[in-house]
Amino acid sequence: MIYLTVRSDGLSYAALAFFIGPALGIAFLALLLGALWLGWRFWMRHRLPPEARAKQKAWRKHPFYKVSKRARAAYLILCLEEVLRASGQDFPRWSFVRRELWEVTRMDEEDWAFRVSDLMPDVILSANSYKDLVMQRRETPYPLYAYSEEDFNTLYALYQEAGDALDQIDYVMSQILDVIVYECGQGETPYTPESLRFIGQTQEYLRSHGIPLPQNAEMAALLMQHCHPHSGKPFSPPPVDSSAILNLL
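Residues numbered from 1 in each chain as written. Predicted model: local features only at pLDDT ≥ 70, side-chain atom pairs only at ≥ 80, totals over all residues. Heavy atoms only, no water.

A. A look at the overall build of the protein chain. When helices and strands are counted, the protein chain shows 11 helices and 0 strands. Ordering the α and β elements of the protein chain from the N terminus gives α-α-α-α-α-α-α-α-α-α-α. Within the protein chain, the proportion of its 249 residues that are buried is 37%. Relative to all contacts within the protein chain whose residues are 6 or more apart in sequence, the contacts with residues 24 or more apart total 72%. Of the roughly 14800 Å² of accessible surface on the protein chain, a fraction of 60% belongs to carbon and sulfur atoms. (Helix = DSSP H or I, 4+ residues; strand = E, 2+ residues; numbered from the N terminus. Buried < 20%, exposed > 50% of the residue type's maximum accessible area, 1.4 Å probe, protein only. Contact = heavy atoms within 4.5 Å. Areas by Shrake-Rupley, 256 points an atom, 1.4 Å probe, with all protein chains shown as cover.)

Here it is, written out as structure tokens:
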């Protein structure tokens, strides 16, 4: 009777060890991995010079830090629209340009960048005609031009009619393009913190020229919710020829 009791207790201990042993091992492994991860973060943070650490800390406080590249570009398009308003441009005349820019919200970023690069004022005004531009492009690594001759003629006339405001328009259009192409492709730093400067530079540029920042608080708030470490998922742009707002998320 005593032998059976001892045997029964032995089986209980064995069963207990069978279930608890692996659980303790998993818990220990989780603690070890957690400690290694914290140690790696501590090392990564403190291996940088104090200036770099301060810059990283400032980046994380930036309101656009977690906002996707698509939404960052969309905010800068709102800035461009403020420039167009402040300079008295005819919005219907700029519908083509604005529509092409707003495609950043849903096109592949490389395809979008190719088209917008060919949309820039300095490209259009670098030639006297569509044929001249096509001839110029044949001598470059990018011989194809994204737009038709009719589109070129429309853009050429539009940019010439913009007058002195073209410098401001060209500056903001360049910032829109740069916020997408900066570090574009493999190896892109999550949240591309260095590209946040394009937003700050544009905001300061508008202030220095007496141009208000985007006034559409509802749209700006929707863009701020579009978070992603890279370009993020496509979303619907606002209607270019209307003041109505779509649900962007």
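B. Broad picture of the packing of helix 3 (residues 69-86) against helix 10 (residues 196-208). For the pair helix 3 and helix 10, interaxial distance at closest approach is 11 Å and the crossing angle is 15 degrees. Considered as vectors, helix 3 and helix 10 are oriented roughly parallel to each other. Where helix 3 crosses over helix 10, the handedness of that crossing is left-handed. Residue-level inspection shows Arg72, Tyr75, Leu76, Cys79, Glu82 and Val83 of helix 3 in contact with helix 10, the latter providing Leu196, Phe198, Ile199, Thr202, Gln203 and Leu206. (Axes fitted to C-alpha atoms, helices over the stretch in contact; angles between N-to-C directions. Parallel < 35°, antiparallel > 145°, perpendicular 65-115°, else oblique. Left-handed = near helix turned anticlockwise from the far one by under 90°.)

C. Expanded view of helix 11 (residues 217-224). Regarding helix 11, the residues found buried are Met219, Ala220, Leu222 and Leu223. Along helix 11, the residues classed as buried sweep out an arc of 160 degrees about the axis, all on the same side. Turned more than 90 degrees away from the buried face of helix 11 sit Ala217 and Glu218, all of them exposed. Packed against the buried residues of helix 11 are helix 3 and helix 4 (95-102). (Arc of directions from axis to C-beta.)

D. Quick look at the nonpolar core. Counting residues in each nonpolar core, the largest one holds 57 residues, and the members touching the most others are Val97, Leu101, Trp112, Tyr159, Ile169 and Ile176. In terms of residue count, the dominant contributor to this core is helix 3 (11 residues). In contact with Ile176, other than residues within four places in its own chain, are Ala73, Leu76, Ile77, Leu80, Leu101 and Trp112. (Core = buried A, V, L, I, M, F, W, Y, C linked by side-chain atoms within 4.5 Å.)

E. Up close: the pattern of salt bridges. By the definition in use, this model includes 9 salt bridges. In this structure, Glu188 engages Lys69 in a salt bridge whose closest nitrogen and oxygen atoms are separated by 3.4 Å. Here Lys69 lies in helix 3 and Glu188 lies in the loop between helix 9 (166-181) and helix 10, a separation of 119 residues in the sequence. We note a salt bridge from Arg85 to Glu82, for which the minimum N-O separation is 3.2 Å. Taken as a pair, Arg85 and Glu82 lie in helix 3 at a separation of 3 residues, close to a single helical turn. The class of Arg85 is partly exposed, set by a relative accessible area of 46%. (Salt bridge = Lys/Arg side-chain N within 4 Å of Asp/Glu carboxyl O.)

F. Representation of helix 8 (residues 149-161). The first and last C-alpha atoms of helix 8 sit 18 Å apart over 13 residues, in line with the 18 Å expected at 1.5 Å per residue. Next to the buried residues of helix 8 lie helix 4, helix 6 (121-124), helix 7 (130-137) and helix 9. Gly163 lies just past helix 8 and shows a positive phi near 65 degrees. (Expected span 1.5 Å × (residues − 1).)

G. Local environment of the packing of helix 9 against helix 10. Interhelical geometry of helix 9 versus helix 10 gives an angle of 165 degrees and a closest axis separation of 10 Å. Regarding the angle of helix 9 to helix 10, the classification is roughly antiparallel. Crossing of helix 9 over helix 10 shows left-handed handedness. Along the contact surface, helix 9 presents Asp167, Gln168, Tyr171, Val172, Gln175, Asp178 and Val179, while helix 10 presents Phe198, Gln201, Thr202, Tyr205 and Leu206. A breakdown of the residues in the contact of helix 9 with helix 10 according to their chemical character gives 6 nonpolar, 4 polar and 2 charged. (Nonpolar A, V, L, I, M, F, W, Y, C, P; charged D, E, K, R; others polar.)

H. How the structure looks around the side chain of Ser231. Within the element layout of this structure, Ser231 appears in the segment after helix 11. What makes Ser231 buried here is its relative accessible area of 12%. A polar contact of 2.2 Å, which involves the side chain of Ser231, links it to the side chain of Glu109. Aside from chain neighbours lying at most four places away, what touches Ser231 is Ser68, Lys69, Arg70, Glu109 and His226. (Polar contact = N/O pair within 3.5 Å; in protein donor to acceptor, adjacent residues only side chain to side chain.)

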